[in-house]
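Now for the letters of each chain:
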Amino acid sequence: YRDLHTFELQAPTRLIEWACGNRVCVAGYGQSDGNEILQLIPPPTLLTKETQGLCPERDFKVECGGFSERPVYSLKYVPDTSLLVTSGPPNSSLQLWQVSAEDSDVIKPVSTLATENCTGQSWAKIDTISARAPWVLHGSRLDRVQITEVESRKSVYTAASRGSEELSGLAFLDCNTLLLCCAAGRLCLADTRQPQGLVEAASVPAAPCSQQWCMGTRRGAQGLEPSSQPVARLSSRGLLTLTDLRKTSELLALAKARVPTPGSDAEFLCVSWAPALEGCLAISGFDGTVHVYDTQSWDSSGREAEPIFVHKGHAFGGAGGSGELPLVTVHTWHLQKPRTLLSAANDGSLHVWDWVQPCGKC
């Protein structure tokens, strides 16, 4: 490691979200009342563009916080506002939160967005964008995807689909194009200007029905179309696929991650592209580690890929009160520092780490 910071949360978290001003938001996912939502100020070394050497302040600080009566499974900042939107069991409704002003340290609930037929539906996956107005994209199933304008609470788009597959993720590619990933691995594209139907983008390799999938998208670099950025999919059995949405008839690459004996549980699967490293992605959710891969040499052979770095810090934390080793629940990349990641585990540990640059492009 070149740098490593740790912070102990009061409860396990399954999400980490970057805010403007280099703030970090985390939230608890326990089933009891009183799940914390915290906005943290990272250590000073993470707020500078270059490593400043030894620093007396090496810990996170809580800037503001609040409590949710329901588990928080997904959280996004609403661009150009001081609002957060969250979702979680027991249904697909959304909760809006006001981040505190300078004279307050409270994150306050504002309202609930009750989606159509939300009762009985699983929790909604969400993404946000500031287009013509701040929008939130949300849905739990393929036939329950819609865009809601945050300020007016009005639905501005509903995707038409005959299928009702469960969704594992969704994302804005731009203000007009949406990407949806089904838990079974199927990708679908939607265009807000053409609400008549969805276009299937790519299927996954033949696999057992018990296999579950998640996806990771990379925000387009300046001057590039979002569709030119590969979409990564990760399965609960450790398969990784890369898909170019401009050529959906074939997979761009296929590889096998070096993970422990996989299972069908995909609750904490996470795959994400490095925003400042070409061709690098990270995966987690199988054990107490986070694996980083350089995909630039991958092909369609499906061979096992060698990670360029493995973060084992959570695993070294040891077994908790239940006797089980910690499981990484989520990770994310720093927005500006190329090799800096944040990761959290179900023992409440939050790590920020930066590894020494290896030989090669990453």
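These numbers were taken from a predicted model, which means no experiment stands behind them. What you see as residue numbers is a count from 1 along each chain, following the sequence as written. Residues qualify for local features only when their pLDDT is at least 70, as the model is predicted, and side-chain atom pairs are given and counted only at 80 or more; totals for whole chains, interfaces and linings, by contrast, use all residues. Where side-chain values are given, they derive from all heavy atoms of the structure, hydrogens and water being excluded.

(A) Region of the structure containing the environment of Ile37. The numbering of helices and of strands both runs from the N terminus, where a helix is a DSSP run of H or I of at least 4 residues and a strand a run of E of at least 2. Position of Ile37 relative to the elements: it lies in strand 4 (residues 35-41). A C-alpha to C-alpha distance of 9.8 Å links Ile37 and Trp97, two positions 60 residues apart in sequence.

(B) Structural detail: the nonpolar core. In this structure, Leu234, Val271, Leu281, Ile283 and Trp298 are the most contacted members of the largest nonpolar core, which totals 18 residues. Counting only elements with at least two residues in this core, the list comes to strand 19 (231-235), strand 20 (239-243), strand 21 (253-256), strand 22 (270-273) and strand 23 (280-284). In this analysis, two residues are considered to be in contact whenever any of their non-hydrogen atoms come within 4.5 Å of each other. Setting aside its immediate chain neighbours within four residues, Leu234 contacts Gln212, Trp213, Cys214, Leu239, Leu240, Leu269, Cys270, Val271, Ile283, Ser284 and Phe286. We call a set of buried residues a nonpolar core when its members are Ala, Val, Leu, Ile, Met, Phe, Trp, Tyr or Cys and they connect through side-chain atoms within 4.5 Å of each other. Each residue is assigned to one of three classes by its accessible area relative to the maximum for its type, calculated with a 1.4 Å probe on protein chains only: buried under 20%, partly exposed between the two thresholds, exposed over 50%. If you look at the next biggest cluster of nonpolar residues, it comprises 17 residues, including Ala133, Val145, Phe172 and Leu180.

(C) Quick peek at unusual backbone geometry. With an omega of 15 degrees, the peptide bond between Pro89 and Pro90 qualifies as cis. Within the secondary structure, Pro90 sits in the loop between strand 7 (83-87) and strand 8 (94-98). Located in the positive-phi region is Arg153, a residue other than glycine, with phi close to 65 degrees. Considering the arrangement of structural elements, one finds Arg153 in the loop between strand 12 (146-149) and strand 13 (155-158). Among the residues examined, Arg153 registers a relative accessible area of 35% and is labelled partly exposed.

(D) Region of interest: the side chain of Thr332. Within the secondary structure, Thr332 sits in strand 26 (residues 328-333). With near-sequence residues (within four places) excluded, Thr332 lies in contact with Ile16, Trp18, Leu341 and Leu342.

(E) Geometry of the sheet that holds strand 10 (residues 125-130). One open sheet holds the four strands; their spatial order is 10-11-12-13, and the pairing between them is antiparallel. Bordering the open sheet on either side are strand 10 and strand 13, each of which pairs with just one other strand. Strand-to-strand twist across the sheet, computed as the mean angle between neighbouring axes with direction ignored, equals 20 degrees. Here, strands pair whenever DSSP counts at least two bridges between them. The angle between two axes is taken between their N-to-C directions and runs from 0 to 180 degrees, where each axis is a line fitted to C-alpha atoms and a helix contributes only its stretch in contact.

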